[in-house]
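Listed here are the chains, written in short residue letters.
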Amino acid sequence: MARIFCVGRNYHAHIKELSNDIPDCPVIFSKPDSALVAPDAGEIPFPRGGRVLHHEVEVVVVVGKDGIPRDAADAVGYIGGLAIGLDLTLRDVQNDLIAKSLPWEKCKGFDHSAPLGTVHPFDPAAMHLDDISFSCSVNGKLRQDGNTSRMIFPIPEILMEISKYWKLRQGDMIFTGTPEGIGALEPGDTIKIQSPLLGCFRWKIGAGKDPQ
Ligand code: MG
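Here is what the cut-offs are and how they apply
- Residues numbered from 1 in each chain as written.
- Predicted model: local features only at pLDDT ≥ 70, side-chain atom pairs only at ≥ 80, totals over all residues.
- Heavy atoms only, no water.
- Donors = N, O, S within 2.8 Å, 3.2 Å for Na, K, Ca; no water.
- Buried < 20%, exposed > 50% of the residue type's maximum accessible area, 1.4 Å probe, protein only.
- Disulfide = S-S within 2.5 Å.
- Core = buried A, V, L, I, M, F, W, Y, C linked by side-chain atoms within 4.5 Å.
- Helix = DSSP H or I, 4+ residues; strand = E, 2+ residues; numbered from the N terminus.
- Contact = heavy atoms within 4.5 Å.
- 1 Å grid on protein atoms, 1.4 Å probe; cavity = no way out; pocket = protein on both sides within 12 Å on 5 of 7 lines; lining within 4 Å.
- Points joined across faces, edges and corners; volume = space filled by probe spheres on them.
- Nonpolar A, V, L, I, M, F, W, Y, C, P; charged D, E, K, R; others polar.
- Pairing = 2+ DSSP bridges.

*Asks:* How should I be thinking about the coordination of the magnesium ion in this particular structure?
*Replies:* Ideal values differ by geometry: the angle at a metal is 109.5 degrees with four tetrahedral donors, but 90 or 180 degrees with six octahedral donors. Protein coordination at the magnesium ion comes from E56 (OE), E58 (OE) and D87 (OD), with a distance range of 2.0 to 2.1 Å. Sequence spacing among the residues donating to the magnesium ion works out to E-x1-E-x28-D. The class of E56 is buried, set by a relative accessible area of 4%.

*Asks:* What is the right way to look at the state of the cysteines in this model?
*Replies:* Two cysteines joined by a covalent bond between their sulfur atoms form a disulfide. Inspection of every chain in the model, using the stated rule, returns zero disulfides. Cysteine C107 is unpaired, with the sulfur of C6 as its nearest cysteine sulfur at 11 Å. You can see C200 has no disulfide; the closest cysteine sulfur is in C136, sitting 11 Å from it. On the accessibility criterion, C200 (38% relative accessible area) is partly exposed.

*Asks:* Honestly, the nonpolar core in this entry has me stumped. Any pointers?
*Replies:* Nonpolar side chains tend toward joint burial in soluble globular proteins. Counting 59 residues, the largest nonpolar core has L82 and I191 as the members making the most contacts within it. A total of six residues in this core trace back to one element, the largest contributor, which is strand β6 (residues 57-63). What I191 contacts, discounting residues up to four positions off in sequence, is I44, H55, L86, C136, S137, V138, L185, F201, R202, W203 and I205.

*Asks:* How do you make sense of the layout of surface pockets when you look at a structure like this?
*Replies:* It is the rolling of a water-molecule-sized probe over the atoms that shows where space remains empty. Roughly 170 Å³ of volume is contained in the largest pocket. R9, L18, N20, R91 and Q94 are the residues nearest the centre of the largest pocket, which is lined by 18 residues in total. If you list the elements that add at least two residues to the lining of the largest pocket, you get β1 (4-8) and α3 (91-99). Broken down by element, the lining of the largest pocket gets its largest block of residues, four residues, from α3. Considered class by class, the residues forming the lining of the largest pocket number five nonpolar, seven polar and six charged.

*Asks:* What's the story with the pairing of β1 in this structure? I'm lost.
*Replies:* Looking down a regular strand, the side chains alternate between one sheet face and the other. Summarising burial for β1: five of the five residues are buried, a large majority. The alternating pattern of β1 places I4, C6 and G8 on one face and F5 and V7 on the opposite face, and all of these are buried. As paired strands, β1 and strand β13 (residues 173-175) are joined by three bridges and run parallel to one another. Its bridge partner lying in β13, F5 is registered against I174. Alignment of β1 against strand β2 (residues 27-31), held across five bridges, turns out to be antiparallel. Opposite V7, over in β2, you have I28 as the bridge partner.

*Asks:* Looking at this structure, I do not really get unusual backbone geometry. What am I missing?
*Replies:* Among all residues except glycine, the phi angle is most often negative; among peptide bonds, the trans geometry is most common. The phi angle at R9 is positive, at roughly 55°, despite the residue not being glycine. Along the chain, the position of R9 falls in the loop between β1 and α1 (12-17). Overall, the relative accessible area of 22% leaves R9 in the partly exposed class. Residue S101 is not a glycine yet carries a positive backbone phi of 55°. Mapped onto the elements, S101 comes out in the loop between α3 and α4 (105-108). Of the residues examined, S101 reaches a relative accessible area of 69% and is grouped as exposed.

Any link to function would need more than the numbers given here.
Structure representation (structure tokens):
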């Protein structure tokens, strides 16, 4: 079974826009595999369980082998592929859960909450983990424009933190956090994510809400 890990609060400007505190170690949560949406799926159904659906475009690391890295340099050898994806979030549900100090599964791990682009094999000579540009636009308007150089915890450190608790497995997917510019999606919107290195992918936000 594919495992999907995610990092929360990894870009300063995004932390600021949500008025959160800067974490002293990476915030990690996970999603079930029913969250995945394929690059060519066409549509992302609007979730049934909340009202405020936010896009969070992120670089995604795919683990290439099983094991526990010794240190950050060794962790780079565990990267098998890179992609871009969306950590879709029900912000109204999340705010309610945070206010009650409850876990995040309902707001982060719902069905279809992890649309993912094509995975590119990791080539350390051609792909610089600390300089990957990526962006997200909705209905043709740019909303998020990020670069991994602005991460608080770089990718090797994220792998080290995850592997303190879970032995890495080939195929694990790790969403590495979103830059500023998050915003709401409505049924009928078209969302496009792109990166010069990792491709361009598009989905339409479907209906799916129960009739009011
Ligand atoms: Mg996120």
